[in-house]
Amino acid sequence: MKELRLMKGNEALAEAAIRAGADAYFGYPITPQSEIIEYLMRENPVERTGMIVLQAESEVAAINMVYGAAGCGKRAMTSSSSPGMSLKQEGISYIAGAELPCVLVNVVRGGPGLGTIQPSQSDYFQAVKGGGHGDYKLIVLAPATVQESVDYVKLAFELAFKYRNPIMILSDGIIGQMMEKVELFEQQPRLTEAPEWATVGKKPGRDSVIVTSLQLQSEEQEKVNLRLQAKYREIEKNEVRYETHLCEDAEYLFAAFGSCARITRKAMEMAREKGIKVGLIRPQTLYPFPVDAINKLAGQVKGILTVEMNAGQMVEDVRLAVNGKTKVEHFGRFGGMIPSPDEILNALEQKIIGG
Amino acid sequence: MAENLIKPENLVYEKTKVLTDRVMHYCPGCGHGTAHRMLAEAIDELGLQGETIGVAPVGCSVLAYYYFDVDMTEAAHGRAPAVATGIKRVFPEKTVFTYQGDGDLAAIGTAETIHACNRGENILIVFINNGIYGMTGGQMAPTTLPGMKSSTSPRGRDVATMGNPLKITELIAQLPGTYFVTRQSVHTPGNARKTKRALKKALEYQKLNKGTCFVEIVANCPSGWKMTPVQSNKWMEENMFPFYPLGDIKVPE
Ligand SMILES: Cc1ncc(C[n+]2csc(CCOP(=O)(O)OP(=O)(O)O)c2C)c(N)n1
Ligand code: SF4
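Residues numbered from 1 in each chain as written. Chains lettered and ligands numbered in written order. Predicted model: local features only at pLDDT ≥ 70, side-chain atom pairs only at ≥ 80, totals over all residues. Heavy atoms only, no water.

Caption draft 1: Focus on the side chain of Lys196 of chain B. Residue and element names in this part refer to chain B. When you line up the elements, Lys196 lands in helix α9 (residues 189-206). Residue classification places Lys196 among the buried residues on the basis of a relative accessible area of 16%. In this structure the side chain of Lys196 is engaged in a polar contact, spanning 2.7 Å, whose partner is the side chain of Glu45. (Helix = DSSP H or I, 4+ residues; strand = E, 2+ residues; numbered from the N terminus. Buried < 20%, exposed > 50% of the residue type's maximum accessible area, 1.4 Å probe, protein only. Polar contact = N/O pair within 3.5 Å; in protein donor to acceptor, adjacent residues only side chain to side chain.)

Structure below.
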């Protein structure tokens, strides 16, 4: 049954994992996302659905537990925040290389280093450009609301199994910590049948299943890479998701994702009140990126301002998409600082309209 | 005539079906090959082939999945116990083992080893201790003996600056999560048979869900040690065994 509740972002996401029919969660505490594992431990889903939850000794161990469980054809997930996500990168690369499905959640906090526990979007590059070693891609979903945090968990498991690829939900400390009204989807059944690529024990008459990312022969490793690249092109064709606001008559454009897009939307409304015709594009998938949509809008507007809680990361992808058609500038606050709508409007006037 | 002797009733030994026909890449005389065979025979004799999931390490045995005819996952360097934990937690009824070298298990993967054992994961950990990093060309391992030469301890391991060899098996035996801990070798037929018995016990214990079983196999690395296979076995007996004495370290009450 669908259900309406007032919930904290992290807890809603954890509840969504149970409802999405996840088989296993492995994690290690870190602010601002510890509520995910705390909620799961409290909820004890092994009794509700049979889902197992384990607190690992480190993020490194947690991602490798995910790797093991994912190789068994199970719906496995982990969550962390920035420093912990850095530790997981080798494991993520192995999972991408072995083409296993899994769901990763990064509730981003400000860095570099131990940084701050306050919200940030400074892990954009890490999420969309690979993060770990080797040529691989994650599908990156960027929720802007608690509702999207919930819905994207279900979507992430669907995409993970559709493409046999790790999926990242790139959230941040704002969305993780705030409370909002949320509609929870119905309990989904857990998987009952193991896919043929899963390690379940060798059955008579079939070869043993090997989960590996190793190919010692370069010719073979190139083939693996070509297969991965073909999959990524397919993902780019099928899975781009974005939202636009007031773009029909827009002379200027904001580009922002996640929590920052909500603040930017307020700035857009304030600009409209002043008679500035500005719209907003909010990528919901950061990879695949809405290249075509942005390129099309670039032909219509006089300039684009990306608003990010980082020193300028998505702006690079916007520039690539725009390909010189119009001016692209970045406005950001970082290190845990959150931009105000006033600041954003001011940046639009200074950097795009006046500049 | 030899043909007359080839009859099923005269068969005294054959290769276990749990080993594939692939030619192993191990150096001549290396302990890995015999250790593989003992584990494969143990799995076979207990009828566990269809329910076993193995985890290969990063090290010389990285390609173990080509030789064991069971479903296997290849883990990142040192992470096999975590990968095995993930597998065993979603498939508690399956038989799960890891097969790891000393660099993998006792250096980069120390945390995963200790914590999997401390949680008492119901898995078998097979630990090949050859006192050296075989795969990467003979560098110093956490188990390299004091004074022992390697490419990163060319004047011999100086414990004052390079630290002491880690007796991780004794350490593991202290943990309440371990159920059966033993140290064996495979350099003589008698020792190989003992190792197989230990592996069979460990696999049987896994069904009891009483905790981690840990079988160390002290092994030779002729290439890394720069010796012939015969020399290396002798050297192992004279130098490795006094430091890493063979025998059971923890047995179920
Ligand atoms: C993260 C990481 N660091 C380093 C390596 C390089 N490396 C591969 S195998 C190995 C050591 C293997 O030694 P050991 O575990 O003792 O196994 P053996 O080869 O002796 O059987 C190292 C350092 C790697 N593959 N991954
Ligand atoms: S390098 Fe050493 S451990 Fe590796 S296969 Fe050769 S002898 Fe065996």
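Caption draft 2: The arrangement of the site of ligand 2 in detail. Every residue lining ligand 2 is accounted for by Tyr26, Cys27, Cys30, His32, Cys60, Asn130, Gly134, Cys221, Pro222 and Ser223 of chain B. Looking at the shell around ligand 2 residue by residue, the classes come out as six nonpolar, four polar and no charged. (Near = heavy atom within 4 Å. Nonpolar A, V, L, I, M, F, W, Y, C, P; charged D, E, K, R; others polar.)

Caption draft 3: Structural detail: the pairing of strand β5 (residues 102-108) of chain A. Residue and element names in this part refer to chain A. In terms of burial, β5 is a largely internal element, seven of the seven residues being buried. Every second residue of β5 is oriented toward a common face, with Cys102, Leu104, Asn106 and Val108 on one face and Val103, Val105 and Val107 on the other, all of them buried. Where β5 lies against strand β7 (residues 166-172), seven bridges are found, and the strand directions are parallel. Directly across from Val108, in β7, lies its bridge partner Asp172. (Pairing = 2+ DSSP bridges.)

Caption draft 4: Region of interest: the domain arrangement of chain A. Residue and element names in this part refer to chain A. By domain assignment, chain A separates into domain 1 (3-196 + 225-238) and domain 2 (243-353). Summarising the inter-unit geometry, the C-alpha centres of domain 1 and domain 2 are found 27 Å apart. Facing 33 residues of domain 1, the contacting portion of domain 2 comprises 26 residues. Here domain 1 packs against domain 2, burying approximately 2300 Å² in sum over the two surfaces, 56% of which is carbon and sulfur. The largest contributions to the domain 1 side of the interface with domain 2 come from Gln121, Tyr124 and Phe125, which together make up 31% of the buried area. In this structure, the connection of domain 1 to domain 2 is made through three salt bridges. The partner of Arg262 in a salt bridge is Glu180, with the nearest N and O atoms 2.5 Å apart. Taken together, domain 1 and domain 2 are joined by 20 residue pairs in polar contact (both at pLDDT 80 or more). Sorting the residues of the side of domain 1 that touches domain 2 by element identifies α7 (124-128), β6 (139-141), α8 (146-163), β7, α9 (173-177) and α10 (218-238) as the ones contributing at least two each. Looking at which element gives the most residues to the side of domain 1 that touches domain 2, the answer is α10, with four residues. (Domains from an automatic or database assignment. Contact = heavy atoms within 4.5 Å. Buried area = accessible area lost by both parts, 1.4 Å probe. Salt bridge = Lys/Arg side-chain N within 4 Å of Asp/Glu carboxyl O.)

Caption draft 5: Spatial organisation of the packing of helix α1 (residues 9-19) of chain A against helix α2 (residues 34-43) of chain A. All names here are of chain A. For the pair α1 and α2, interaxial distance at closest approach is 8 Å and the crossing angle is 50°. With respect to each other, α1 and α2 are oriented oblique. Considering how the two elements wind past one another, α1 and α2 form a crossing that is right-handed. When α1 is examined against α2, the residues Asn10, Glu11, Leu13, Ala14, Glu15 and Ile18 are found in contact with a partner set consisting of Glu35, Ile36, Tyr39, Leu40, Arg42 and Glu43. (Axes fitted to C-alpha atoms, helices over the stretch in contact; angles between N-to-C directions. Parallel < 35°, antiparallel > 145°, perpendicular 65-115°, else oblique. Left-handed = near helix turned anticlockwise from the far one by under 90°.)

Caption draft 6: View of the side chain of Asn165 of chain A. All names here are of chain A. Tracing the sequence through the fold places Asn165 in the loop between α8 and β7. For Asn165, a relative accessible area of 0% translates into the label buried. A polar contact of 2.9 Å, which involves the side chain of Asn165, links it to the backbone oxygen of Lys137. A distance of 3.2 Å separates polar atoms of two side chains, one belonging to Asn165 and the other to Lys231.

Caption draft 7: Focus on unusual backbone geometry. Residues and elements named next belong to chain A. In this structure, Pro112 follows Gly111 across a cis peptide bond, with omega equal to 0°. Its place among the elements puts Pro112 in the loop between β5 and α7. Looking along the chain, the bond that leaves Tyr287 and enters Pro288 is cis, with omega of -5°. Tracing the sequence through the fold places Pro288 in the loop between β13 (285-287) and α12 (291-298).

Caption draft 8: Representation of the layout of surface pockets in the model. Residue and element names in this part refer to chain A. Counted as a void, the largest pocket has a volume near 330 Å³. Lining of the largest pocket is provided by 17 residues; of these, Ser93, Gly97, His133, Ser213 and Gln221 occupy positions nearest its centre. Among the secondary structure elements, those contributing two or more residues to the lining of the largest pocket are α6 (89-97) and α10. Its residues placed into classes, the lining of the largest pocket shows eight nonpolar, seven polar and two charged. (1 Å grid on protein atoms, 1.4 Å probe; cavity = no way out; pocket = protein on both sides within 12 Å on 5 of 7 lines; lining within 4 Å. Points joined across faces, edges and corners; volume = space filled by probe spheres on them.)

Caption draft 9: Broad picture of the interface of chain B and chain A. Between chain B and chain A, the contact holds 34 residues from the first and 31 residues from the second. Contact between chain B and chain A buries roughly 2600 Å² in total, counting both sides, with carbon and sulfur atoms accounting for 61%. Among the residues of chain B in contact with chain A, Tyr65, Asp71 and Val90 of chain B are the three that bury the most area, contributing 21% of the side total. Between Glu57 of chain A and Arg119 of chain B there is a salt bridge; the shortest N-O distance is 2.8 Å. Where chain B meets chain A, there are twelve residue pairs in polar contact (both at pLDDT 80 or more). Of all the secondary-structure elements, those providing two or more residues to the side of chain B that touches chain A are β1 (52-56), α3 (64-67), β2 (71-74), α4 (80-90) and α6 (110-119) of chain B. Per element, the largest residue contribution to the side of chain B that touches chain A is seven residues, and it comes from α4 of chain B.

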